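# Overview (structure and organization)
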Amino acid sequence: MVFSTEPVWSEVADDFTTECESAVVYADFEGETVLHDGPIRVLGNGWVELPSGRLLSPEAVHHIDPQTE
């Protein structure tokens, strides 16, 4: 049996990534605290990537509302 030394995650990571051209990321249920407004990528591990390259922890994000306009 042959085992690969390369992680499998790198091959399938794009399958679990969701991109949104316009979304609002909130830190609370009430929607009073906006963490980001604009394009985002939600990675398969739950982290939210901003266009600047910064990442928002899944623990910091309460919910995301995609904008359809």
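About the thresholds
- Residues numbered from 1 in each chain as written.
- Predicted model: local features only at pLDDT ≥ 70, side-chain atom pairs only at ≥ 80, totals over all residues.
- Heavy atoms only, no water.
- Pairing = 2+ DSSP bridges.
- Helix = DSSP H or I, 4+ residues; strand = E, 2+ residues; numbered from the N terminus.
- Buried < 20%, exposed > 50% of the residue type's maximum accessible area, 1.4 Å probe, protein only.
- Polar contact = N/O pair within 3.5 Å; in protein donor to acceptor, adjacent residues only side chain to side chain.
- Contact = heavy atoms within 4.5 Å.
- Salt bridge = Lys/Arg side-chain N within 4 Å of Asp/Glu carboxyl O.

## Regarding the sheet that holds strand β4 (residues 55-56)
- What the five strands build is an open sheet, ordered β4-β3-β2-β1-β5; its pairing is antiparallel. Whereas interior strands pair on both sides, the edge strands pair on one side only; in this sheet they are β4 and β5 (63-66).
- Taken together, the two bridges between strand β3 (residues 48-49) and β4 define a ladder with antiparallel strand orientation. When the bridges of β4 are listed, V48 appears paired with L56.

## Remarks on the side chain of H36
- Tracing the sequence through the fold places H36 in strand β2 (residues 34-42).
- A relative accessible area of 16% places H36 in the buried class.
- At a separation of 3.1 Å, a polar atom in the side chain of H36 contacts the main-chain carbonyl oxygen of P39.
- Residues contacting H36, with those up to four places away along its chain left out, are A23, V24, V25, L50 and P51.

## A closer look at the pattern of salt bridges
- Taken as a whole and judged by the stated rule, the model has two salt bridges.
- Salt-bridge contacts for E19 lead to R41; the nearest nitrogen and oxygen are separated by 3.6 Å. Of this pair, E19 sits in strand β1 (residues 18-26) while R41 sits in strand β2, and the two are 22 residues apart along the sequence.
- A salt bridge links R41 to E49; the shortest N-O distance between them is 3.0 Å.
- Take R41: its relative accessible area is 28%, and that puts it in the partly exposed class.
- Connected through salt bridges with shared partners, the residues E19, R41 and E49 form a single ionic network.

Read these as layout, nothing more, since geometry by itself doesn't imply function.
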